[in-house]
There are 2 protein chains.
Amino acid sequence: MSGKEQLSEGINACPVTYALKLIGGKWKIPILWVLSQNGTMRYNELKRRISGITNMMLTQSLKDLEANGLIKRVQYMEIPPRVEYSLTDAGMSLLPALAELARWGTEQMKQYNNKCDIAGGNTSQ
Amino acid sequence: MSGKEQLSEGINACPVTYALKLIGGKWKIPILWVLSQNGTMRYNELKRRISGITNMMLTQSLKDLEANGLIKRVQYMEIPPRVEYSLTDAGMSLLPALAELARWGTEQMKQYNNKCDIAGGNTSQ
DNA sequence: CAGAATCCTTTCTGATACTG
DNA sequence: CAGTATCAGAAAGGATTCTG
């Protein structure tokens, strides 16, 4: 997932497999999600919003996403440097899927918390 | 993602991050997808349908998914052994998200193939 | 048939330092 | 500010062999 693979496979590929080639890996979906929530964002803003990501993985994932046309990178020639990231139209077209995923995640979190309350497992906060 | 982590984090977790804890990694979405397309499936049937997966990853991913309540495993005490996997209700509730992902993947494949046709890159078939 | 075990490779992390 | 470089260690994933 280092931005070097070919996306071909022509016809017989599964659309889900194909989608995961574009947005698979640990950080791409989180990146797309925070971008969808916040619009245009700068590098360090992204880094702050995505808890746990390292410079290396953020840089690499941004590069991959840009190479696949899902995000747009605009660099302003200033001192100090400013670089802004945002979703392209192709990236935007993923939003319904991300929204469904978020909805599902919310639902699952509720289920889990309910179970924990009943089992007395985790009442922290 | 080896089935040992805690899913807690109580409140302040992002629903997308939470969702990815349940279905993140390389093989879980493909597994859920083929199960959603084929209903109940046996181990080797899954293996055949998911190109590239190894025994280890299939076994591990199935265990994780079962532990998180997304799939159901039914083992028949026969010789030769028979084990059937299917989606639970929680697994089913992910279907809208998977369908959106598949739709998006199809869309992106078209875009890519168009670009390739224009550039003369990949006219295979 | 449905895996478990073992060993090996790749990817990711964490910390720290450096650059234009 | 927005990265890049390096390197040790951990984790995820892969390949192969073996078993009830």
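Calculation rules
- Residues numbered from 1 in each chain as written.
- Chains lettered and ligands numbered in written order.
- Predicted model: local features only at pLDDT ≥ 70, side-chain atom pairs only at ≥ 80, totals over all residues.
- Heavy atoms only, no water.
- Pairing = 2+ DSSP bridges.
- Helix = DSSP H or I, 4+ residues; strand = E, 2+ residues; numbered from the N terminus.
- Contact = heavy atoms within 4.5 Å.
- Axes fitted to C-alpha atoms, helices over the stretch in contact; angles between N-to-C directions.
- Least-squares fit on C-alpha atoms with pLDDT ≥ 70 in both.
- Buried area = accessible area lost by both parts, 1.4 Å probe.
- Salt bridge = Lys/Arg side-chain N within 4 Å of Asp/Glu carboxyl O.
- Polar contact = N/O pair within 3.5 Å; in protein donor to acceptor, adjacent residues only side chain to side chain.
- Nonpolar A, V, L, I, M, F, W, Y, C, P; charged D, E, K, R; others polar.

Participant: Go over the sheet that holds strand β1 (residues 41-42) of chain A, please, and point to the residues and values.
Facilitator: Residues and elements named next belong to chain A. Strand order in the open sheet made by the three strands is β1-β3-β2, with antiparallel pairing throughout. In this open sheet, the two edge strands, each paired with only one partner strand, are β1 and β2 (71-76). Pairing analysis gives two bridges linking β1 to strand β3 (residues 82-87), with the strands arranged antiparallel. In the sheet register, Arg42 faces β3, and the bridge partner there is Glu84. Most of the contacts of helix α2 (residues 28-38) go to β3, to which it runs at about 95°, and overall it touches β1, β2 and β3.

Participant: Can you tell me about the relation of the copies chain B and chain A, naming the residues and giving the values?
Facilitator: In screw terms, the move from chain B to chain A is a rotation of 180° and a rise of 0.0 Å along the axis, fitting with an RMSD of 0.1 Å. Here the copies are linked by what is in effect a two-fold axis. Within chain B, the C-alpha atom positioned nearest to the axis of rotation is that of Ala97(B), 2.7 Å from it. A shared interface surface links the copies, since 95% of the contact residues of chain B are contact residues in chain A too.

Participant: Which residues make up the interface of chain B and chain A, and what values go with them?
Facilitator: When the parts of a complex come together, some accessible area is lost, and that lost area is often used as the size of the interface. With 37 residues of chain B at the interface, the matching set in chain A holds 35 residues. Overall, the association of chain B and chain A removes approximately 3200 Å² of surface from exposure, summing both partners, and the carbon and sulfur fraction of that is 73%. It is Val16(B), Trp104(B) and Met109(B) in chain B that bury the most area against chain A; as a group they hold 20% of the surface buried on that side. At the boundary of chain B with chain A, the tally comes to zero salt bridges. Run the count over chain B and chain A and you get six residue pairs in polar contact (both at pLDDT 80 or more). Sorting the residues of the side of chain B that touches chain A by element identifies α1 (15-23), α2 (28-38) and α6 (95-119) of chain B as the ones contributing at least two each. For the side of chain B that touches chain A, the residue count by class is 24 nonpolar, ten polar and three charged.

Taken by themselves, the reported measurements are silent on function.
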